[in-house]
Structure formats: structure tokens, C-alpha cells
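# An overview of the molecular structure
The primary structure of each chain is shown beneath.
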Amino acid sequence: MSATRSGSWPAFRRGRHLWRLAGPALLALLGLGAAAASAQTSPGRPSYESLRFNEDWSALRDPALRTDPFDPLKWIPLNGAGSAYLTLGGELRARYEAARAPVFGLGAPRRNDYALLRSFLFADLHLGPDVRAFLELASGFAPGWAGTPPPTQKDELDILQAFGELTLPTAHGAVMLRGGRQEISLGSSRLVSVRDSPNIRRAFDGVRAAWIGAGDTRIDAFLLRPVAPRSGTFNDGRDPAQLFWGVYATAAVPAVPGLKADLYYLGLERDEARFAQGVANERRHTLGARLFGKRGGFDWNVEAAYQFGSFGTAAIRAWTVSANLGYSFADLPFSPRLGLNADAISGDRNLRDNRLGTFNPLFPKLPYFSEANLAAPANLLDIQPNLTLSLWPKLSLTLGWNPLWKQAEADAFYAPPLSPVRGSAGGTGRFIGQQTSLALSWSATEHLTLGGTYVHYTPGERLKQAGAGSGAFLAGWAQFIF
């Protein structure tokens, strides 16, 4: 029997088929990147952002700053003064993934080789400095997916964002009011993120208000429902089973140079929430704080949160503490950064009492610990020493090792986004397993980013009893933004 038919790694025949599907898109992205590579970034030019509505291209009123082939799309004046203007932009991304035994062999299908193709297109209309409207369309396909792709991967065409915004200047800053469909990322994206790795990013329907002060001071308040993607055309709708609200504040700490702080309250209502303890309606409140910053060669990002509320008739008492710490040796070859990530995330110590101790990570970045997306940040202890090397300007290599344990032995192991894995609750032993990862990222131009990752993972004895096995994940991608 041939190596391909036996299913050994890699699956050459299927890889060639997927290249026929994704290869032209990848080559097109490389060609677009090369065409724009000669453009030089001028001082004072705006930069591209992950949240595209944060970009402000009004500086291109100055002809001297128009140095990029795509600048004619970034500032399109609609009146003589240029106070009303339109910005057009978007993204093309082609990604190849190969997964073997996902979620430590407890996910399905056990083998999957596929391409992810997505495109975004947005229009940002400014009617003077205080009024704007933003519209973004998204399309995602997953050729080669084994079975039916989830709607986060295949959604033919839909509205990703559509909101109106009003800014009211004040004596000490500005007040922003925004209503409609919108992306939100708060802090370091541990609890609220756009979920960038899948084809369709996370969005919410609702209202958001912010007071924006001097420097980095900002206070946001919002009332939202998450958008539930659906395969098809213009059929995504808000999730009626979830309601999300909160207040999030960020400011610099005056007494400590380089130190900033976040304080927040987040509320969530969720119908028929599922944990190892059972299924019930959930009403959860989260109080949290984050300290982050850089000074000298050090960087730090430390966050803690406490949750309370109700799960059916049970009381919720849950918590998390997370830290990302690093030191960069700028004077050494390759400017190495030594990092240590660590998480302690509560689980439920007794599945039969009237208390739920499992932490709910709300709407976290996914993947969370690696691109293999092995575990949800619930009932978990982990450490991740890592090393990042700058091999070339804008070319970085990161190596990491990440063992994982249950925080509470009685509780289940949770698969992303937050699903208790059958057969993983109770037993003896907390060790879940470990993963070793390698990631490469190259910002080839202002527009083009190339990347890849390989992750190998092995389960611990407790998960082996539930049927887990070793596996691997491989991905490569090209992303073009304009």
C-alpha cells in the first residue's frame, strides 16, 4: 500500500489537490505584495490596524504622504474642503491547515487537510470629523474540509460589520457613540477578542459608548449580543441566547513609568449553558484587572479576574490569573526574547454540590494557547516557556513548550470554545498533556504577511483513558491587506 493511501504524514495527493485550489490565491497574494513592496512608509503616514475601523487616513490630504499604490483608495474626498471623505480597504487571506487527532485525539474528524480562503472588503464614510458610517463584508470558504465546514469557516457572503458612529468633543477629550454590528477586542484579548484565525471573525450587534481622554485614558461601556455566523448569503443574525454587557477602563499609572492598567466589569447571560456539572441558564459577572507595559528590556502583561453569579440554582464562584512575562536582549544576535506565559484558571471541585467553580472565558481569542487550538481556557493550569528570535528584519521565529493540567480533578477537560469533553471528568490525575510549537512570521511588506506553524502534542494518562492520542497540526498562510 502506498504511503498516501495508508494515511501517513503528509498526505501528498490531497495536498496537491488543495494546492490547485489555494495555490492561485497564494500566488496572487504574493504578486500583490511584490507590487506594493516598493512603497516607502513616510513619517506621519497612518498604519494598518487589526481593527480596521481604527485607521484614520485623513492625513493623506497632504500629497507628500501619498506614497503607496493603494493610497487613492484610502482618502477619496467627497467635498472641496476634504472634510467628507471615503476610505476603501480590505483583506485577502489564503491559509492551508492539516490536523491530525485534534484536541488530543478527542475532536473530530481525526484527520483533516483543507484550505481556508477569506476576503474582507470595507467602506468607511466620514462626514466631517464627528460623523461616520462603517460597512464591512466578509466571505469565507474551506475547500477540502472533511465533512461540512462550520459556519466560522464557510460563510459565502455576509455583513461582518455595519455601524454608525457619532463623536462629541468635550473640554477634556471626546465621547464616542456607536450602534450596529461591530468587532470588539478588549485588553489583551483574553476575554473579548475578534477570533482571527478562523475565516469569519467574531462580531456583536448592539451599542457601545466611550469616553476618550488624553494619552491612553479610555472608558468603554456596551450592551451587545454576539453574531452567530451561518453558512449562506446575508443570513448571519444575533444570537438570542446570549446577552453581553460591561464597562472597561484603561489608563496609564502616573507613579510608575511604562505601567498601564485596565479595570473592568463584564456581564453575560447565556441560555442552556453546558458544563460538566450539567446544563442550565447562566448569569455571570466578571470583575477583573490587568497591569501591562514595557520598561528597559522587560515587558509584562498580568491579569486576574473573579466571577460570580448563578448557574440554574447553583452559585458561580470562579477565577483566573494569567501572566505573560518577557525580557529582550536587544544587543545579542537575533535579539532573543525569553518569555514565560502562565495561567491558573479555576475548575469545579464538586460536580454534585450547589456551586459551579468552572471559569467561563467569555469570548476569548481562538486559538488561545497555540494555533492547534487544543484547549479552552477553563479548568486549567499551564506554563509556556518560549523563545523568540528576530532572524531578519520583520522575520521572527518563536519556539514554545506548553504542559497543561486540570485545575480541579473532578471537572472535565474543556475543548474550544467551551465544551466539556465526554469521559474526561473525574478520574485520578490532573495532567492533560503537552504541546511543542514552532511559529514563523514574516512581515514582507506593509501589505503582505507570510506565516506558518507546526505543533506536536501528546496527551497525559487521564486523557488516554478517555481515548486521547498524540497528534500534530501544520498551517501556512499568506495575508494581504490594503
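To be clear, the structure that these remarks concern was listed above.
An account of the accompanying structure is given in this report. Computed from a predicted structure; not experimentally measured.

## A short note on the overall build of the chain
If you tally the helices and strands in the chain, you get three helices and 23 strands. Taking 482 residues into account, the globule formula puts the C-alpha radius of gyration at 23 Å, and the chain, at 23 Å, falls close to it. Counted over contacts in the chain with a minimum sequence separation of 6, partners at least 24 positions apart contribute 59%. Summed over all atoms, the accessible surface of the chain reaches about 21,300 Å², with 62% contributed by carbon and sulfur. Averaging the locations of the 49 positively and 40 negatively charged side chains of the chain gives two centres separated by 6 Å.

## Thoughts on the nonpolar core
Core analysis: the largest hydrophobic core is formed by 39 residues, its most contacted members being Phe104, Phe244, Leu266 and Phe413. Setting aside residues up to four positions removed in sequence, Phe244 forms contacts with Val192, Phe204, Phe222, Leu223, Leu224, Leu266, Gly267, Leu268, Leu362 and Phe363. By size, the runner-up hydrophobic cluster in this structure holds eleven residues, among which are Phe275, Phe311, Ala376 and Leu418.

## A closer look at the environment of Gly164
In this structure, Gly164 sits in strand S5 (residues 155–170). Judged by relative accessible area, Gly164 falls into the partly exposed class, the value being 32%. Spatially, the C-alpha atoms of Gly164 and Arg178 are 5.7 Å apart, while their sequence positions differ by 14 residues. Those residues in contact with Gly164 that sit more than four places away from it in its chain are Arg132, Ala133, Leu177, Arg178 and Gly179.

## Describing the pairing of strand S7 (residues 204–212)
Examined bridge by bridge, strand S6 (residues 173–182) and S7 share nine bridges and lie antiparallel to one another. Bridging across to S7, Val175 finds its partner in Trp211. As judged from the nine bridges shared by S7 and strand S8 (residues 218–228), these two strands associate in the antiparallel manner. Bridging from a neighbouring strand, Phe204 pairs with Pro226 of S8.

## Some thoughts on the pattern of salt bridges
Side chains that differ in sign of charge can pair as their charged atoms come close. Going through the model one piece at a time under the given rule, you end up with 25 salt bridges. The partner of Arg238 in a salt bridge is Asp205, and the shortest N-O contact between them spans 3.7 Å. Of this pair, Arg238 sits in strand S9 (residues 237–238) while Asp205 sits in strand S7, and the two are 33 residues apart along the sequence. Residue class for Asp205 comes out buried when judged on its relative accessible area of 9%. Salt-bridge contacts for Arg283 lead to Glu269; the nearest nitrogen and oxygen are separated by 1.8 Å. Of this pair, Arg283 sits in strand S12 (residues 278–295) while Glu269 sits in strand S11 (residues 259–275); the two residues are 14 residues apart in sequence, bridging distant segments of the chain. Residues participating in the shared-partner salt-bridge network are Glu91, Arg118, Glu183, Asp196 and Arg201.

## Concerning the side chain of Asn199
With respect to the element layout, Asn199 can be found in the loop between S6 and S7. Of note is the side chain of Asn199, whose polar atom sits 2.9 Å from the backbone oxygen of Phe141. If we skip the residues at most four places from it in the chain, Asn199 touches Arg93, Leu116, Leu117, Arg118, Phe120, Gly140, Phe141, Thr152 and Gln153.

## A closer look at the pairing of strand S18 (residues 395–405)
Inspection of the sheet shows strand S17 (residues 380–392) paired to S18 by eight bridges, in the antiparallel sense. When the sheet's bridge partners are listed, Asp382 is paired in S18 with Leu404. Counting the residues in the hairpin turn of S17 and S18 gives two residues, including Lys394, whose phi is positive at 70°. With eleven bridges connecting them, S18 and strand S21 (residues 431–443) associate as antiparallel partners. When the bridges of S21 are listed, Pro403 appears paired with Gln434.

## Let's talk about empty space enclosed by the protein
Enumeration according to the criterion identifies three cavities of 30 Å³ or more in this entry. Lining the largest cavity are 13 residues; nearest its centre among them are Arg190, Leu191, Thr320, Ser322 and Tyr368. Only strand S13 (298–311) and strand S14 (314–328) provide two or more residues apiece to the lining of the largest cavity. Per-element accounting of the lining of the largest cavity gives the leading share, three residues, to S13. Among the residues making up the lining of the largest cavity, the classes are represented as nine nonpolar, two polar and two charged.

## Here we look at the packing of aromatic side chains
Tallied over the full model, the rule gives 23 aromatic pairs. For the pair Phe53 and Phe134, a centre-to-centre distance of 6.1 Å together with 85° between the ring planes defines the contact as edge-to-face. Of this pair, Phe53 sits in the loop between helix H1 (12–36) and helix H2 (71–74) while Phe134 sits in strand S4 (residues 131–141), placing them 81 residues apart in sequence. On the basis of relative accessibility, which here comes to 4%, the residue Phe53 falls in the buried class. The side chain of Arg178 reaches across the aromatic face of Phe163, ending 4.6 Å from its centre.

## Structural notes on unusual backbone geometry
The omega torsion across Leu366 and Pro367 is 0°, close enough to zero to call that bond cis. Looking at the secondary structure, you find Pro367 in the loop between strand S16 (355–356) and S17. The omega torsion of the bond from Pro416 to Pro417 falls at 0°, within 30 degrees of zero and hence cis. You will see that Phe334, though not glycine, has its phi angle at about 70°, which is positive. Along the chain, Phe334 turns up in the loop between S14 and strand S15 (337–345).

What counts, and where the lines are drawn
Residues numbered from 1 in each chain as written. Predicted model: local features only at pLDDT ≥ 70, side-chain atom pairs only at ≥ 80, totals over all residues. Heavy atoms only, no water. Helix = DSSP H or I, 4+ residues; strand = E, 2+ residues; numbered from the N terminus. Rg over C-alpha atoms; globule rule 2.2 N^0.38 Å. Contact = heavy atoms within 4.5 Å. Areas by Shrake-Rupley, 256 points an atom, 1.4 Å probe, with all protein chains shown as cover. Lys, Arg positive; Asp, Glu negative; His and termini not counted. Charge placed at Lys NZ, Arg CZ, Asp CG, Glu CD. Core = buried A, V, L, I, M, F, W, Y, C linked by side-chain atoms within 4.5 Å. Buried < 20%, exposed > 50% of the residue type's maximum accessible area, 1.4 Å probe, protein only. Pairing = 2+ DSSP bridges. Salt bridge = Lys/Arg side-chain N within 4 Å of Asp/Glu carboxyl O. Polar contact = N/O pair within 3.5 Å; in protein donor to acceptor, adjacent residues only side chain to side chain. 1 Å grid on protein atoms, 1.4 Å probe; cavity = no way out; pocket = protein on both sides within 12 Å on 5 of 7 lines; lining within 4 Å. Points joined across faces, edges and corners; volume = space filled by probe spheres on them. Nonpolar A, V, L, I, M, F, W, Y, C, P; charged D, E, K, R; others polar. Phe/Tyr/Trp six-rings, centres within 6.5 Å; stacked < 30°, edge-to-face > 60°. Lys NZ or Arg CZ within 6 Å of the ring centre and 35° of its normal.

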